[in-house]
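# What the coordinates show
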Amino acid sequence: MRDPALRKAGMNNASLSHPAWWLAMAAVGLCALLIRWYYLSHAVVDHPVRGDAIQYYAYAWNLVHHGTFSMAPPGSAQVLPDSFRDPVYPAFLAIWMYASADASSWYWHVLASQGLLGALTVVLLANAARGWLPDRWLIATGLLMAIWPHNVSINGYLLTETLYGFLCALAFVFLRLALRRASVGWMTAAGLAFGLAALTNAVLVPFAILLAIYMAVRKLSPRRLTMTLALSALLIPGCWSMRNMQLPADASSSGRALINLVQGSRPDYHSSFRAMADGDPEGLRTYRAIQHEADVAAANPREGLSRIGARMAGAPVRYLRWYLSKPALLWDWGIRIGQGDIYVYPTYASPFLRNPAFRILASLCWALNPLVMVLALAGCISLLWRGARKCPTSQAAALLLVYVTLVHSILQAEPRYAIPYRGFEILVAGLGLHVIIHWLLRQRRGDTAPAARGSREDPGEATRGG
């Protein structure tokens, strides 16, 4: 019989019946969809094709009208292929551009589809996490994912985060199925989904390989499955790389990575951007100096890295503090390079500003954000330090959070870049809270036995190791 204290605390690990689970998921998904629909039908983005969206639009336009992946401005006399941006999101825009009758309907089709993808992402992540936590805890975390303001507002921009987050969630659903059923077919689907996600945001390119190595070392799955994951995840990015090898190197994604490296090495980058946006001449001068350094690095990587090294050698303590602060900056609330708060571009009539219920939701989530960050850290430590063969997908999620935090701490740490991973953060935070509550209950009882199992164990994942 389960401990009464655990039952009283809501720790009963009994899962919901199959119909009850899917009914709950339908309710969570509908909640997520309605919130996004309401937001998208009220919020107005001022000049939505701006910033990064200018390039995504140009790529889509050239794909539709020239069959060429190029960021040349629409109507250019010469349209040359390049690889500066990753191809999946421009292709997504191009599909709607081709299928829509005019520019106005194209834009709204994109926003509506992103709202739907954002809602589906919530449902996919909750299903990928079955086995990490009791079902009722998963429903609660699913509702938090559904209402989290960043995950809602990002659907209103022509930016990669919504599609990228959906593909990451889809990859984890396939990964869970592959591990439960020891299925090469599902693992191939997981690898292909990781590959598509990596071609939406190149930050993810090495992740599937690292995950395969981690699962092999921890013996979380048979070797044939880890090999399948690594090879299938490389298939689509490998084909894209072969295409890029035939292009000049002056407009490649590697140059963009060097730009991000320079920007991320400057503690004054965000403040200079905001000062420049406010019309401050000193901020403009600082911003231009940073951009010049980034241009030098893109044109001559050795010279650029030499400049970064010399600058850091002149103030090592300052830069050490800066890099140690970047993980918290990544998972902070307010977007730095953009309008601020939860907005990337200037956005008017936002329900999170005008609707009292939405304002309360935003305030609650803002207050919870530091706690979610700390609990996610606790969850990552618990999973990666103590994790065994139970629920390998939860360890994969913790590894993802650690990986993207390290990468963005080296490159540029900006809360916008954390948005596709907010759902993973919330799930791992829920697991961290579950572990802490169990530990406190054991301390109260003076129990020195091994930690109580914090979630319903998925038989397939636990016994097969995959």
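Keep in mind it's a predicted model, so treat the numbers as computed, not measured. (Residues numbered from 1 in each chain as written. Predicted model: local features only at pLDDT ≥ 70, side-chain atom pairs only at ≥ 80, totals over all residues. Heavy atoms only, no water.)

Take the overall build of the protein next. Counting its secondary structure elements, the protein contains 22 helices and two strands. A globule of 466 residues ought to have a C-alpha radius of gyration of about 23 Å, and the protein, at 23 Å, matches this closely. Counting only C-alpha atoms and orienting by the principal axes, one finds that the protein spans roughly 75 × 55 × 50 Å. A total of 466 residues make up the protein; the buried ones form 55% of that total. Residue pairs in contact within the protein that sit at least 24 positions apart in sequence constitute 76% of those at least 6 positions apart. When the accessible surface of the protein is totalled, it reaches about 20,700 Å², and 66% of it is carbon and sulfur. (Helix = DSSP H or I, 4+ residues; strand = E, 2+ residues; numbered from the N terminus. Rg over C-alpha atoms; globule rule 2.2 N^0.38 Å. Buried < 20%, exposed > 50% of the residue type's maximum accessible area, 1.4 Å probe, protein only. Contact = heavy atoms within 4.5 Å. Areas by Shrake-Rupley, 256 points an atom, 1.4 Å probe, with all protein chains shown as cover.)

Turning our attention to the environment of G255. Tracing the chain through its elements places G255 in helix α12 (residues 253-264). Residue class for G255 comes out buried when judged on its relative accessible area of 13%.

By the secondary structure assignment, I335 is in the loop between α16 (316-330) and β2 (347-348). Linking I335 and R354, residues 19 residues apart in sequence, is a C-alpha distance of 20 Å.

Counted under the stated rule, the structure contains twelve salt bridges. The residue R416 makes a salt bridge to E161 at a minimum N-O spacing of 2.9 Å. Of this pair, R416 sits in helix α20 (residues 415-418) while E161 sits in helix α8 (residues 161-181), placing them 255 residues apart in sequence. Of the two residues, R416 and E161, neither departs from the other in class, the shared state being buried. One salt bridge in this structure joins D268 and R266, with 3.1 Å as the shortest N-O distance. What emerges from the salt-bridge pattern is a single network uniting D52, R85, E161 and R416. (Salt bridge = Lys/Arg side-chain N within 4 Å of Asp/Glu carboxyl O.)

All told, the structure shown has two cavities of 30 Å³ or more when counted by the stated rule. As for the largest cavity, its lining consists of 18 residues, of which T121, N151, G165, I419 and P420 are closest to the centre. Only α5 (103-128), α8 and α21 (422-445) provide two or more residues apiece to the lining of the largest cavity. Tallying contributions element by element places α5 first for the lining of the largest cavity, with five residues. (1 Å grid on protein atoms, 1.4 Å probe; cavity = no way out; pocket = protein on both sides within 12 Å on 5 of 7 lines; lining within 4 Å. Points joined across faces, edges and corners; volume = space filled by probe spheres on them.)

What follows is about the packing of helix α14 (residues 281-299) against helix α15 (residues 301-314). Two elements in contact, α14 and α15, have axes whose closest approach is 5 Å; the angle formed by their N-to-C orientations is 135°. Classified by the interaxial angle, the pair formed by α14 and α15 is oblique. On α15, the residues touching H292, E293, V296, A297, A298 and A299 of α14 are P301, E303, G304, R307, I308 and R311. When grouped by side-chain class, the residues that make up the contact of α14 with α15 number six nonpolar, two polar and four charged. (Axes fitted to C-alpha atoms, helices over the stretch in contact; angles between N-to-C directions. Parallel < 35°, antiparallel > 145°, perpendicular 65-115°, else oblique. Nonpolar A, V, L, I, M, F, W, Y, C, P; charged D, E, K, R; others polar.)

Nonpolar side chains collect at one region of the surface, where L30, L33, L34, L116 and L120 lie side by side and expose about 420 Å² of accessible area between them. The set of elements that each furnish at least two residues to the nonpolar patch consists of α2 (18-42) and α5. For the nonpolar patch, the element with the most residues is α2, which contributes three residues. Following the sequence through the fold, L30 ends up in helix α2. (Patch = residues over 30% accessible without salt bridge, like charges linked within 9 Å, V, L, I, M, F, W, Y side chains within 5 Å.)

The volume enclosed by the largest pocket comes to roughly 1,100 Å³. Secondary-structure elements contributing two or more residues to the lining of the largest pocket are α3 (52-66), α8, α12, α13 (269-277), α14 and α20. Tallying contributions element by element places α12 first for the lining of the largest pocket, with seven residues. Broken down by class, the residue content of the lining of the largest pocket amounts to 17 nonpolar, 14 polar and nine charged.

In this description, an aromatic ring pair is defined by two values, namely the gap between the centres and the angle between the planes. Considering all chains together, one arrives at 19 aromatic pairs under this definition. Ring pairs connect the aromatic residues F172, F194, F207, Y403 and F424, which therefore count as one cluster. Residue placement shows R130 over the ring face of W21; its charged tip is 4.1 Å from the ring centre. When the ring centre of Y319 is taken as origin, the NZ or CZ atom of R318, which lies over that ring, is 5.5 Å away. (Phe/Tyr/Trp six-rings, centres within 6.5 Å; stacked < 30°, edge-to-face > 60°. Lys NZ or Arg CZ within 6 Å of the ring centre and 35° of its normal.)

All right, on to unusual backbone geometry then. The general pattern is negative phi for most residues beyond glycine and trans for most peptide bonds. If you check the backbone angles, H47 has positive phi at about 50° while not being a glycine. Relative to the elements of secondary structure, H47 occurs in the loop between β1 (44-45) and α3. We note that D341 has phi near 55°; this positive angle belongs to a residue other than glycine. With respect to the element layout, D341 can be found in the loop between α16 and β2. With a relative accessible area of 37%, D341 lands in the partly exposed category.

For the pair α2 and α5, interaxial distance at closest approach is 9 Å and the crossing angle is 150°. When the axis of α2 is compared with that of α5, the two are roughly antiparallel. Relative to α5, the crossing made by α2 is right-handed. Listed contacts from α5 to W21, W22, M25, V28, G29, A32, L33, R36 and L40 of α2 are W108, L111, G115, L116, G118, A119, V122, V123, A126 and N127. A class-by-class count of the residues in the contact of α2 with α5 yields 14 nonpolar, four polar and one charged. (Left-handed = near helix turned anticlockwise from the far one by under 90°.)

Note on placement: A289 falls in helix α14. The exposure class assigned to A289 is partly exposed, which follows from its relative accessible area of 39%. Distance from A289 to Y59, taken between C-alpha atoms, is 29 Å for residues 230 residues apart in sequence.

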